[in-house]
Amino acid sequence: MQVAQSFANKRLTMCLVKLGFMGIMTFLPQAYAAEATIVKTAPRSVTQIAIVPFIGANSVSDVVENYLTNIGQMAGSDSLPEKPHSSGEVHLELWRANKVPYVVVGNSKTNRDHVEINFEVINVKTGQVLGGVHREKSKNNNQDLRFTSAKIADKVLELITGVKGDFAGKIAYVVKQGFGKHAVSYLVVSDVDGYNPQIIRTVKGNIKALNPSANGKQFTFEEQQYNGYPVIYVADINGQVNLVTPYKANNLGGAISPDGNQLLFSSDKEGNLDIYLADANGSNPRRLTNSPAPEIYPSWSPDGKSFVFTSDRYGNNRGQIFRYNLANRQMQQLTSGGLNSMARISNDGKKMSYLSGTNNGVVRDFSTGSVKSIQASGSEAPSISPNGMHYIYSTKTALTINTKGNVISINPNQYGIPNGVIYNPIWLNPNH
């Protein structure tokens, strides 16, 4: 067998061997607690939102505070001057004296198997209740209450900042044990703070190149079983997994279009590694590029009119990132210099994350052209959350979320996920 050579990045070199398949779905016990065991490796910003424990629903307000404090970097419940449960009970002068700009109060009532939660967000300076009283209903079980808590945190963030929250989304990531023929990879989907993990696929081999769709519902991943060809699967946020490139060829990275109807992928099924456009299930593939150099890892722009990919078409064995315009089939080079690869564009189209060199995850701001290092010692690009506020990546031993320079670390093992090397986390949210 011949080895398919790409450029300097060793992840782009794969053995051409026969296709294999093995997978199971495992559901782990659900966890419900007030706060994750999260390690903060950078100081949190000054409290902007005070979360008063909700009457009758302390567990809900605890989770709301957990999201807004640890991941949102903007809340707290320390040294509360009073503990009101509605805006009518709030004494604004006390909160002004404590220099807290916003206060969240709430209460709940249980009706058989449902819980109704009422909450208010108060601007301390003006006394305004933002949007009036807000209500969320939940089934009276741990998983639904936790999801409802995340939705409340999302709403609080949106009311104060105008930005939709991402706390009610999901993250997906890979945990790998062993090497070579002994390698086992687990594909995991969990809440964004690590709770409620589900192993949706277990493979004797490697899983990598997770790529979220802009619709927030689906993602693609690349799988290579031991002595098998690398192939591409599409998964959804609920854990359903479908093979979309059943070719005996190198299939390196896929991307689902923002509307969910089309698939981009790279394959050398016709000789060279080129980019193909197909229906969402992988049918009717049409080759878009035709270069002797490898063209790999496509990823859509959020408007669905173009995509970015990695190519070594100009030689020097140093791949660069290009943008392909689907309307006129024109290509624009976006990077230069040393190796640049694995690009993804943020949902607002304003930023692009990619791997610079072999271990520097960076984000480029399209409006200014500036490039910021987010992950200076990794082998993958950071994933930008759907609302653009957070970067998520792995340190191989933990999941890391970076919000405005404030960093937290989450260990999936504490929720029952097997020990191993953590790879390629991405953020999903169908509410965007």
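Because the structure is predicted, anything quoted here is derived from the model rather than measured. The residue count restarts for each chain, going from 1 along the sequence in the order it is written. Predicted model: local features are reported for residues with pLDDT of at least 70 only, side-chain atom pairs are reported and counted for 80 or more only, and whole-chain, interface and lining totals are derived from all residues. The basis for every side-chain value is the complete set of non-hydrogen atoms in the structure, without hydrogens or water.

1. Remarks on the pairing of strand β26 (residues 351-356)
Spelled out, the test is: Here the term buried applies to any residue with accessible area under 20% of the maximum for its type, exposed to any over 50%, and partly exposed to those in between, with areas from a 1.4 Å probe on protein chains only. Numbering of helices and strands runs from the N terminus, with a helix taken as a DSSP run of H or I at least four residues long and a strand as a DSSP run of E at least two residues long. Here, strands pair whenever DSSP counts at least two bridges between them.
The element β26 is extensively covered by neighbouring structure, given that 5 of its 6 residues are classed as buried. Across 4 bridges, strand β25 (residues 340-345) lies against β26 in antiparallel orientation. Along β26, the bridge assignment pairs arginine 344 with serine 353. Once β25 ends, the chain turns through 5 residues before running back antiparallel as β26, passing glycine 349 with a positive phi of about 75°. As paired elements, β26 and strand β27 (residues 360-365) share 6 bridges and run antiparallel to each other. Note on β27: the bridge partner recorded for serine 356 is asparagine 360. The hairpin turn running from β26 into β27, its antiparallel successor, is 3 residues long, and glycine 357 in that turn takes a positive phi close to 70°.

2. Some details on the sheet that holds strand β15 (residues 231-236)
Stated precisely, the cut-off is as follows: To get an axis, fit a line to the C-alpha atoms, keeping to the stretch in contact for a helix; angles then go from 0 to 180 degrees between the N-to-C directions.
In space, the 4 strands of this open sheet follow the order β13-β14-β15-β16, with antiparallel pairing throughout. Here the strands that pair on one side only, and so sit at the sheet edges, are β13 (205-212) and β16 (241-243). Direction aside, the axes of adjacent strands within the sheet are offset by 30° on average. Note that β13 and strand β14 (residues 218-225) share 6 bridges and pair antiparallel. Residue glycine 205 lies in a different strand from β14, and its bridge partner there is glutamine 225.

3. Description of the nonpolar core
Our working definition: In this text, buried Ala, Val, Leu, Ile, Met, Phe, Trp, Tyr and Cys residues form a nonpolar core when linked through side-chain atoms within 4.5 Å. Note that the domain bounds reflect an automated or database-derived domain assignment. We call two residues in contact when some of their heavy atoms are within 4.5 Å.
Judged by nonpolar contacts, the single largest core of 46 residues is most densely connected at Ile49, Leu68 and Val156. With 7 residues, helix α3 (residues 142-161) is the largest single contributor of residues to this core. Shared between two domains, this core takes at least three residues from each, and those domains are domain 1 (49-161) and domain 2 (170-428). Here leucine 68 is in contact with Ile51, Gln73, Met74, Ala75, Ala153, Val156, Leu157 and Phe167, once residues within four sequence places are set aside. Residues Val203, Ile207, Phe221 and Leu428 belong to the second largest nonpolar core, which totals 16 residues.

4. Quick word on the confidence of the model for the protein
Under the convention used in this document: pLDDT runs from 0 to 100 and stands for how confident the predictor is about each residue.
Of the residues in the protein, 89% reach a pLDDT of 70 or more, and the chain-wide mean stands at 87. Taken together, the stretch residues 1-36 has pLDDT below 50 and engages in 113 contacts with residues farther than four places along the chain or on a different chain. Counted against residues more than four places away or in other chains, residues 41-45, with its pLDDT under 50, gives 13 contacts.

5. Examining α3
Spelled out, the test is: Here the expected length of a helix is defined as 1.5 Å per residue gap, with one fewer gap than residues. Here a polar contact is recorded for every N or O atom pair within 3.5 Å, except that within protein the pair must consist of a potential hydrogen donor and a potential acceptor, and residues adjacent in sequence are included only if both atoms are side-chain atoms.
For α3, spanning 20 residues, the distance from its first C-alpha to its last is 29 Å, which sits close to the expected 28 Å at 1.5 Å a residue. Considered for burial, the residues of α3 that qualify are Leu145, Arg146, Thr148, Ser149, Ala150, Ile152, Ala153, Asp154, Val156, Leu157 and Ile160. Buried residues along α3 sit in contact with β5 (49-51), α1 (58-71), β7 (102-111), β8 (114-123), β9 (134-139) and β11 (184-191). The N-capping residue of α3, defined by a side-chain oxygen 3.3 Å from the backbone nitrogen of glutamine 143, is asparagine 141. Glycine 162, located one to two residues past α3, shows a positive phi value of around 80°.

6. Notes on the sheet that holds β27
One open sheet holds the 4 strands; their spatial order is β25-β26-β27-β28, and the pairing between them is antiparallel. Bordering the open sheet on either side are β25 and β28 (371-375), each of which pairs with just one other strand. Strand-to-strand twist in this sheet, taken as the mean axis angle between neighbours without regard to direction, amounts to 30°. One ladder, built from 4 bridges, connects β27 with β28; its direction is antiparallel. Across the sheet, the residue bridging to glycine 361 is glutamine 375, located in β28.

7. What to know about the side chain of serine 383
Following the sequence through the fold, serine 383 ends up in strand β29 (residues 383-384). In this structure serine 383 comes out as buried when scored by relative accessible area, which is 1%. Every residue in contact with serine 383, bar those within four places of it in the chain, is listed here: Pro212, Arg344, His390, Tyr391, Ile392, Pro425, Ile426 and Trp427.

8. Topic: unusual backbone geometry
Keep in mind that most residues, glycine aside, have a negative phi and that most peptide bonds are trans. The phi angle at tyrosine 297 is positive, at roughly 50°, despite the residue not being glycine. Its place among the elements puts tyrosine 297 in strand β21 (residues 295-300). A relative accessible area of 7% means that tyrosine 297 is categorised as buried. Phi at lysine 396 takes a positive value of approximately 80°, unusual for a residue other than glycine. Here lysine 396 is to be found in the loop between β30 (390-394) and β31 (399-403). Classification of lysine 396 by relative accessible area gives partly exposed; the value is 24%.

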